[in-house]
Amino acid sequence: MSVQLNINQPKEPKTRNKGIIRAIYVPTLVGIPAKAINKRVLNFMKKSSLISQKDSIELSNAAQEGLKQTGLFDKGVKVYKIKENSILSDLTKRLKNYIFNLFKRKPETGSTTDFIDILKEALIFSEGDKKALNALTEELRLNKEMAKFEQKESCESLTELIVKLQAMVFKEGNNACYLPYTNKIITPDKSLQTSVFHEMGHALNNNGGSILKNLQKCRPLALIAPSVILMISLFNKRKTTDKPKENDSKIQKGADFVKKNASVLTGLSFLPMFLEEGIASLRGQKIAKNLIKDEKLSKELFKKIKLTNIAGFSTYLLSGIITAVAIYLSIKAKDAIQKKYEIKKMQKYKNQVQTNELKAHQG
């Protein structure tokens with residue numbers, strides 16, 4: 001008489017969500033070459049936008065005429081400039097040199113106050129920058145969230161510091177912008193002056209119909225949405241190749257949809273910004289073109305304006321493409337780690353089942 005062993009078969013293994021942390025690093029790695037490319041484009045913009053003192057005066061006069069012709073002047077739009085100074089670049093170089101010497105345990109070539117003094121100097125602005133700084137301060141205070149902090153007296157110095165840190169970007173010649181709350185345009189006094197008509201295009205969008213104004217308000221989607229899409233995708237244990245189940249909840253179905261269409265959704269989140277930036281450039285160029293007819297602007301300057309606009313738009317386009325690619329690769333990495341883990345887990349389960357069956361048969 002044979003004896004039958006009562007061997008319980010192991011339960012099908014439960015799998016955990018794997019690879020989230022490692023996958024998060026992928027966008028950072030992808031962002032390294034993207035930053036290098038963006039820096040090259042910015043340097044190209046800065047160099048190609050440099051103009052003579054004579055052309056600078058002509059451009060300023062043309063911009064004033066453009067504001068009047070479009071009615072923006074009557075709506076309070078003004079152009080302010082911040083004196084350009086590369087002192088921040090000097091600070092960065094000295095800081096890198098100091099850290100390098102610190103790690104190499106070399107005798108210090110200067111004290112820690114060396115770059116602190118440069119930072120203090122970088123935060124000093126000329127009398128000519130006052131109007132631009134006032135506009136930045138007003139813009140900050142008109143922001144609802146900042147207004148809450150402004151109610152506390154202790155935050156007044158913080159506001160001043162934030163404004164000066166913002167202004168340093170213009171001081172370095174790395175940005176020009178339109179301030180929607182205060183209706184002001186700020187450019188450096190050397191680089192990117194030719195972007196003034198693009199910023200006037202933003203002003204037209206903001207002071208025009210509700211569609212373009214709302215399009216401007218949707219711009220933050222490009223900053224917020226990609227991070228949300230990535231987090232939903234990474235915290236979804238299912239792979240993009242997994243098939244849905246009949247008993248899936250609405251939340252699970254939604255998470256699966258986001259993960260499978262992450263790159264497309266990321267691209268769509270950038271669409272309002274692409275549209276608004278493109279429309280601003282086209283409207284700005286139209287203002288400049290009309291000024292050529294009136295002999296208020298030379299064709300040579302108009303070419304520089306167009307070149308600045310194209311280079312500027314390419315940075316936004318590149319940013320959108322890189323972000324979509326980074327999220328795609330991050331999800332691919334996460335799914336590859338998850339798949340490897342699940343295969344290993346399932347193989348272990350099968351081996352256990354086979355071992356139990358063998359024992360039962362031998363018994």
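The rules behind each value
All residue numbers refer to positions counted from 1 along the written sequence of the respective chain. Confidence filtering applies because this is a predicted model: local features only for residues at pLDDT of at least 70, side-chain atom pairs given and counted only at 80 or more, and all residues used for totals across whole chains, interfaces and linings. Calculated side-chain values reflect all of the structure's heavy atoms, with hydrogen atoms and water omitted. Helix and strand definitions here come from DSSP, where helices need a minimum of 4 consecutive H or I residues and strands a minimum of 2 consecutive E residues; each element is numbered from the N-terminal end. Only protein chains enter the accessibility calculation, which uses a 1.4 Å probe. A residue is then buried if its area is under 20% of the maximum for its type, exposed if over 50%, and partly exposed in between. What qualifies as a polar contact is a pair of N or O atoms within 3.5 Å, subject to a donor-acceptor requirement within protein and to the restriction that residues adjacent in sequence count only when both atoms come from side chains. All axes are obtained by fitting lines to C-alpha atoms, using only the stretch in contact for helices, and the reported angles, taken between N-to-C directions, cover 0 to 180 degrees. Here a crossing is called left-handed whenever its near helix is offset anticlockwise from the far helix by less than a right angle, and right-handed whenever the offset is clockwise. Contact criterion: two residues are considered in contact whenever any of their non-hydrogen atoms come within 4.5 Å of each other. In this classification, the charged set is Asp, Glu, Lys and Arg, the nonpolar set is Ala, Val, Leu, Ile, Met, Phe, Trp, Tyr, Cys and Pro, and all remaining amino acids, among them Gly, are polar. Every angle not falling under 35 degrees, over 145, or within 65 to 115 is termed oblique; those three ranges are roughly parallel, roughly antiparallel and roughly perpendicular. The pairing test for Phe, Tyr and Trp rings, Trp by its six-membered ring, is centres within 6.5 Å, and the orientation test on the planes gives stacked under 30 degrees, edge-to-face over 60, and tilted for anything in between. Sitting over a ring, as applied to charges here, requires NZ of Lys or CZ of Arg to be within 6 Å of the ring centre and within 35 degrees of the ring normal. Here a helix's expected span is defined as the number of its residues, less one, multiplied by 1.5 Å. Think of it this way: the bend at a residue is just the angle between two axes, each fitted to seven residues, one set ending at that residue and the other starting at it. Pairing between two strands is assigned when DSSP locates at least 2 bridges connecting them.

1. Concerning the environment of Ser52
Working step 1: Among the structural elements, Ser52 can be located in the loop between helix 1 (20-49) and helix 2 (53-70).
Working step 2: By relative accessible area, which is 37% here, Ser52 ends up partly exposed.
Working step 3: Along the backbone, Ser52 and Lys190 are 138 residues apart, and their C-alpha atoms lie at a distance of 8.9 Å.
Working step 4: Engagement of the side chain of Ser52 in a polar contact is seen with the backbone nitrogen of Asp55, the distance being 3.2 Å.

2. Focus on the packing of helix 10 (residues 221-234) against helix 11 (residues 250-260)
Working step 1: Running from N to C, helix 10 and helix 11 point in directions that differ by 115 degrees, and their axes come no closer than 9 Å. For the element pair helix 10 and helix 11, the recorded crossing hand is left-handed. Listed contacts from helix 11 to Ile229, Ile232 and Ser233 of helix 10 are Ala255, Val258 and Lys259.
Working step 2: Of the residues in the contact of helix 10 with helix 11, the class split is four nonpolar, one polar and one charged.

3. Focus: the packing of helix 2 against helix 12 (residues 262-293)
Working step 1: Where helix 2 meets helix 12, the axes come as close as 10 Å, and the angle between the chain directions of the two elements is 105 degrees. Classified by the angle their axes make, helix 2 and helix 12 are roughly perpendicular. From helix 2, Ala62, Glu65, Gly66, Gln69 and Thr70 reach across to helix 12, where they touch Ile287, Asn290 and Leu291.
Working step 2: A class-by-class count of the residues in the contact of helix 2 with helix 12 yields three nonpolar, four polar and one charged.

4. Focus: the packing of aromatic side chains
Working step 1: For the coordinates displayed, the defined rule picks out two aromatic pairs.
Working step 2: Among the aromatic residues, those joined into a ring-pair cluster are Phe270, Phe274 and Phe313.
Working step 3: The lysine or arginine in question, Lys171, covers the ring of Phe125, its NZ or CZ lying 4.5 Å from the ring centre.

5. Structural notes on helix 12
Working step 1: The first and last C-alpha atoms of helix 12 sit 47 Å apart over 32 residues, in line with the 46 Å expected at 1.5 Å per residue.
Working step 2: At Phe270, helix 12 shows its largest kink, close to 35 degrees, and the proline Pro272 lies no more than four residues downstream.
Working step 3: Phi for Glu295, located one or two positions after helix 12, is positive at around 60 degrees.

6. Considerations on the pairing of strand 3 (residues 184-188)
Working step 1: Of all five residues that make up strand 3, five are buried, and the element is covered over most of its length.
Working step 2: The two faces of strand 3 match: Lys184, Ile186 and Pro188 on one face and Ile185 and Thr187 on the other face are all buried.
Working step 3: Two elements, strand 1 (residues 78-82) and strand 3, share five bridges in a ladder whose sense is parallel. Residue Lys78 lies in a different strand from strand 3, and its bridge partner there is Lys184.
Working step 4: As paired strands, strand 2 (residues 177-179) and strand 3 are joined by three bridges and run antiparallel to one another. Across the sheet, the residue bridging to Tyr178 is Ile185, located in strand 3.
Working step 5: In textbook terms, the turn of a hairpin is the stretch between consecutive antiparallel strands, and for strand 2 and strand 3 this stretch comprises four residues, one of which, Asn183, has a positive phi near 60 degrees.

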